[in-house]
Amino acid sequence: MNVLGIETSCDETSAAVVRDGRTVLSNVVFTQVARHRPYGGVVPEIASRCHVEEIAGIVRQAVQDAGLTWEQIDAVAATYGPGLASSLLVGLSAAKALALRLGKPLLGVNHVEAHLYSLFLGSDAPSPDSIAPLIVLMVSGGHTGLVRVAKVGSYKLLGQTLDDAAGEALDKGANLLKLGYPGGPAIEKAAAGGDPAHVKFPRGLRRGASGELAGDLDRDLCFSFSGLKTSLLYYLKDHPEVLVNGALKDVAASYQEAVFDALLARLRRAVERYRVSAVGCVGGVARNGRLREKLERMSGEYGLRLVLARPEFCTDNAAMIAALAGAPGGVVRTATDDLDVQPDLVLGVP
Ligand code: KG4
Ligand code: ZN
């Protein structure tokens, strides 16, 4: 089954064709970063307008790159949440129109679930059956959490951030360090060769803090990054010279290290509490070389198999949307004219 997938939940306009939930025939990603950079973050109005301008060309390109005709597309899938309402609307509307025109089913996909499924994309990726159950660290610009995946379609959220997402913490930190946008890749570059122990930033969530925000989740498996950001702000007030001389790379490396240590500490607790044989990491921040290195080391210590999404499938892309829609067991909303965007959609917890 050839699924044409569309992703417009934030600031990437993307379309892809994936066969049988595994084989990526095409994956076209237009990143709007340059359009948002002057504002230091994603501006929803600009994002949705940009999706409108780009979507038709991107979809056409994806079908062309896949070497298929329109008749060979068996279903059209789109992200319907979570994300920016006005951006989601563009992709979902385009998918509805295409499905109607082609006379093919329309499938709605959860963006977070698609990130989890990105682990299984690519010719060298494991099949879900071969490694489940596993614990996945989901780290993007909008979401940060730990999820136990029993099989495709069966998830248990173990913990999540109580304030900023990991990517957001890096973006805000980069902004304070005047490194530009997006912050994750900028900090990674600035931190190269820096000393990660130069400044001892807090590793998130003090005992007793924000307990009530964790709700039913295990507080020890939840994250908090707002204190870290504040401590960087105060550090820079006390050391303004950092922004003009060579210590910048040490401070960038220390800040990045604090974010990753906070992630790894919760991941360690999770693997100690839940019986799994593998861990995974997905989302934009999973592109980071230092984080990948630390995950390698940690999984080695526990004798666990490590599965990392391929870098091109870490940041937002439509291949993961098309793949999940065509995967056996994938939780998708089918057909229906009443399928609408759900900006606050949560991960299906059976
Ligand atoms: O998954 P994603 O593309 O979008 C969301 O669903 O949020 O993630 C974007 C996030 C941004 O915060 C960006 O700074 C971060 O991923 N990111 C990185 C790297 N590349 C992207 N963070 C650290 N290191 C990177 N190399
Ligand atoms: Zn995403």
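Our subject is the structure that appears above.
Since this is a predicted model, take the numbers as computed values, not measurements.

A short note on the overall build of the chain
- A tally of helices and strands in the chain yields 12 helices and 11 strands.
- Rg of the C-alpha trace for the chain: 20 Å, near the compact-globule value of 20 Å for 350 residues, within the 12% margin.
- Its C-alpha atoms put the chain at 60 × 45 × 35 Å along the principal axes.
- When the 350 residues of the chain are sorted by exposure, 54% land in the buried category.
- Contacts in the chain between residues at least 24 apart in sequence constitute 74% of all its contacts with a sequence separation of at least 6.
- Accessible area of the chain: about 14700 Å², with a carbon and sulfur share of 52%.
- The averaged location of the 38 negative side-chain charges in the chain is 3 Å from the averaged location of its 36 positive side-chain charges.

Concerning the coordination of the zinc ion (ligand 2)
- Listed as protein donors to the zinc ion (ligand 2) are His111 (NE2), His115 (NE2) and Asp316 (OD); their distances from the metal cover 2.0 to 2.1 Å.
- One can describe the site at the zinc ion (ligand 2) as irregular: its four donor atoms subtend angles covering 95 to 136° at the metal.
- Every donor residue of the zinc ion (ligand 2) comes from the same chain, spaced as H-x3-H-x200-D. In this pair, histidine 111 sits in helix α4 (residues 111–117) while aspartate 316 sits in the loop between α11 (311–314) and α12 (319–326), placing the two residues 205 residues apart along the sequence. Of the two residues examined, histidine 111 and aspartate 316, each falls in the buried class.

Overview of the nonpolar core
- Among the nonpolar cores identified, the biggest contains 87 residues, and Val259 and Leu263 are the most heavily contacted of them.
- Ranked by residue count, the leading element in this core is helix α9 (residues 248–273), at 14 residues.
- In this structure, valine 259 is in contact with Ala166, Ala169, Leu170, Phe225 and Leu228, ignoring residues within four places of it in sequence.
- Counting 27 residues, the second largest nonpolar core, distinct from the first, contains Val59, Ile73, Val90 and Leu345.

Quick word on the site of ligand 1
- Close contacts around ligand 1 come from 19 residues, with Gly141, Asp171, Gly184, Glu188 and Asp316 the closest.
- For ligand 1, an oxygen atom lies 3.2 Å from a polar atom in the backbone of glycine 167.
- Contact between ligand 1 and aspartate 171: an oxygen atom at 2.7 Å from a side-chain N or O atom of the residue.
- At the level of elements, α4, α6 (166–176) and α7 (183–191) are the ones that each hand at least two residues to the shell around ligand 1.
- Looking at the shell around ligand 1 element by element, the count peaks at four residues for α7.
- Among the residues making up the shell around ligand 1, the classes are represented as four nonpolar, 11 polar and four charged.

What about the sheet that holds strand β4 (residues 75–81)?
- One open sheet accounts for six strands, arranged β3-β2-β1-β4-β5-β11; its pairing is mixed. Unpaired on one side and paired on the other, β3 (23–31) and β11 (332–334) mark the two borders of the sheet. Across this sheet, the average inter-strand angle for adjacent strands is 20°, counted without regard to direction.
- As paired elements, strand β2 (residues 12–19) and β3 share eight bridges and run antiparallel to each other. From the neighbouring strand, arginine 19 faces β3, where its bridge partner is threonine 23.
- Along the sheet, helix α3 (residues 85–102) makes contact with β1 (2–7), β4 and β5 (106–110), crossing β4 at roughly 160°.
- Sheet contacts for α12: β1, β2, β3, β4, β5 and β11; angle to β1, the most-contacted strand, approximately 135°.

Thoughts on the packing of aromatic side chains
- Evaluated as defined, the whole model comprises four aromatic pairs.
- Ring plane angle 75° and centroid distance 5.9 Å describe the contact between phenylalanine 201 and tyrosine 235, whose orientation is recorded as edge-to-face. Separated by 34 residues along the polypeptide, phenylalanine 201 in the loop between α7 and α8 (226–238) and tyrosine 235 in helix α8 bring together distant segments of the chain.
- Members of the aromatic cluster, joined through ring pairs, are Phe201, Tyr235 and Tyr255.

Reading guide: rules and limits
- Residues numbered from 1 in each chain as written.
- Chains lettered and ligands numbered in written order.
- Predicted model: local features only at pLDDT ≥ 70, side-chain atom pairs only at ≥ 80, totals over all residues.
- Heavy atoms only, no water.
- Helix = DSSP H or I, 4+ residues; strand = E, 2+ residues; numbered from the N terminus.
- Rg over C-alpha atoms; globule rule 2.2 N^0.38 Å.
- Buried < 20%, exposed > 50% of the residue type's maximum accessible area, 1.4 Å probe, protein only.
- Contact = heavy atoms within 4.5 Å.
- Areas by Shrake-Rupley, 256 points an atom, 1.4 Å probe, with all protein chains shown as cover.
- Lys, Arg positive; Asp, Glu negative; His and termini not counted.
- Charge placed at Lys NZ, Arg CZ, Asp CG, Glu CD.
- Donors = N, O, S within 2.8 Å, 3.2 Å for Na, K, Ca; no water.
- Tetrahedral: all angles 85-135°; square planar, octahedral: opposite > 155°, others 65-115°.
- Core = buried A, V, L, I, M, F, W, Y, C linked by side-chain atoms within 4.5 Å.
- Near = heavy atom within 4 Å.
- Polar contact = N/O pair within 3.5 Å; in protein donor to acceptor, adjacent residues only side chain to side chain.
- Nonpolar A, V, L, I, M, F, W, Y, C, P; charged D, E, K, R; others polar.
- Pairing = 2+ DSSP bridges.
- Axes fitted to C-alpha atoms, helices over the stretch in contact; angles between N-to-C directions.
- Phe/Tyr/Trp six-rings, centres within 6.5 Å; stacked < 30°, edge-to-face > 60°.

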